[in-house]
Amino acid sequence: QYYLNLFDQEHSLMNYHKGFYPNNSELGRLISNDKILTEKFLKFADVKTPDTEVFTEDESDKAYEFLEQKNSSSFVLKPKDLSHARGVFINVDKLNFEKSWSASLKVQKEFKVAKPAFIIQEKVSGLELRITIVEGIVNSVIFRAPGHVIGDGKSTIEELIHIKNKERELNPFHRKNSIQINEEL
């Protein structure tokens, strides 16, 4: 048996034990599936990450104070325990904080998150890339862009979305991620 106990100063981050190889992908999956733990490992490796604070469902006043204390004018608010950008709001500021908090909480409840919690980070400008590294070698890079349409000078935005969704149907990955026309959009 192999045991791995990870600490940040005196605070235990995780305890992991495995019967055969201590470095299998299960450990990587445990780390990468936890946004806070991932950030800690990136910081240990001197990778710059935005400052992150975590707030529970009943700490919205405390979260708002966090926004007020920072120099940034734009934040990202996201659920601690959801993926695929569910409940994520960008460009959050003091004016739209309450609406973003409520909407993210609603999504967490829809997905039956047992203990809703929120991550707030200062927004970092730039491109969003997902990089897969295997055995220290970059295996793939995916550019992640928000859904968008390009006008043609005659179609409405709704018509352009329908055209874009028909194009997405031809791609096995995108066909299950059509652009949803809803009240928020």
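Residues numbered from 1 in each chain as written. Predicted model: local features only at pLDDT ≥ 70, side-chain atom pairs only at ≥ 80, totals over all residues. Heavy atoms only, no water.

Draft legend 1. Quick look at the overall build of the chain. When you go through the chain residue by residue, the secondary structure sums to five helices and eight strands. Counting only C-alpha atoms and orienting by the principal axes, one finds that the chain spans roughly 65 × 40 × 30 Å. Evaluated residue by residue, the chain yields a buried proportion of 24% over its 185 residues. Residue pairs in contact within the chain that sit at least 24 positions apart in sequence constitute 43% of those at least 6 positions apart. As displayed, the chain has an accessible area near 14,100 Å², and 52% of this comes from carbon and sulfur atoms. Across the chain, 26 positive and 28 negative side-chain charges occur, with their mean positions spaced 6 Å apart. (Helix = DSSP H or I, 4+ residues; strand = E, 2+ residues; numbered from the N terminus. Buried < 20%, exposed > 50% of the residue type's maximum accessible area, 1.4 Å probe, protein only. Contact = heavy atoms within 4.5 Å. Areas by Shrake-Rupley, 256 points an atom, 1.4 Å probe, with all protein chains shown as cover. Lys, Arg positive; Asp, Glu negative; His and termini not counted. Charge placed at Lys NZ, Arg CZ, Asp CG, Glu CD.)

Draft legend 2. Inspection of the nonpolar core at higher detail. Counting residues in each nonpolar core, the largest one holds 13 residues, and the members touching the most others are L67, L77, V92, F97, W101 and I120. Of all the secondary-structure elements, those providing two or more residues to this core are α3 (60-69), β4 (75-79), β5 (89-92), α4 (97-110) and β6 (117-122). Those residues in contact with I120, other than ones at most four positions away along the chain, are D51, T52, E53, F55, A63, F66, L67, F75, V76, L77, F97 and W101. (Core = buried A, V, L, I, M, F, W, Y, C linked by side-chain atoms within 4.5 Å.)

Draft legend 3. Structural detail: α4. With 14 residues, α4 extends 20 Å from end C-alpha to end C-alpha; this agrees with the ideal 20 Å at 1.5 Å per step. Every buried residue of α4 is accounted for by F97, S100, W101, S104, L105, V107 and Q108. Looking straight down α4, one finds that the buried residues subtend no more than 160° of arc, so they occupy a single side. Turned more than 90 degrees from where α4 packs its buried face, E98, K99 and K106 sit exposed. Of the surrounding secondary structure, the elements contacted by the buried residues of α4 are β3 (52-56), α3, β4, β5 and β6. In the stretch just after α4, K112 is the one whose phi turns positive, near 55°. (Expected span 1.5 Å × (residues − 1). Arc of directions from axis to C-beta.)

Draft legend 4. Spatial organisation of the pairing of β6. Extensive coverage of β6 is indicated by the burial of five of its six residues. Two strands pair when backbone bridges link them, and β3 and β6 are joined in this way by five bridges, in the antiparallel orientation. Of the residues in β6, the one forming a bridge with T52 is Q121. When β4 meets β6, the two strands line up antiparallel, connected through five bridges. When the bridges of β6 are listed, L77 appears paired with I120. (Pairing = 2+ DSSP bridges.)

Draft legend 5. Region of the structure containing a negative patch on the surface. A contiguous patch of negative charge, built from D61, E65, E68 and E98, is present on the exposed surface. Top element by residues in the negative patch is α3. It accounts for three residues. Summarising the element assignment, E68 is placed in helix α3. For E68, a relative accessible area of 43% puts it in the partly exposed group. (Patch = residues over 30% accessible without salt bridge, like charges linked within 9 Å, V, L, I, M, F, W, Y side chains within 5 Å. Salt bridge = Lys/Arg side-chain N within 4 Å of Asp/Glu carboxyl O.)

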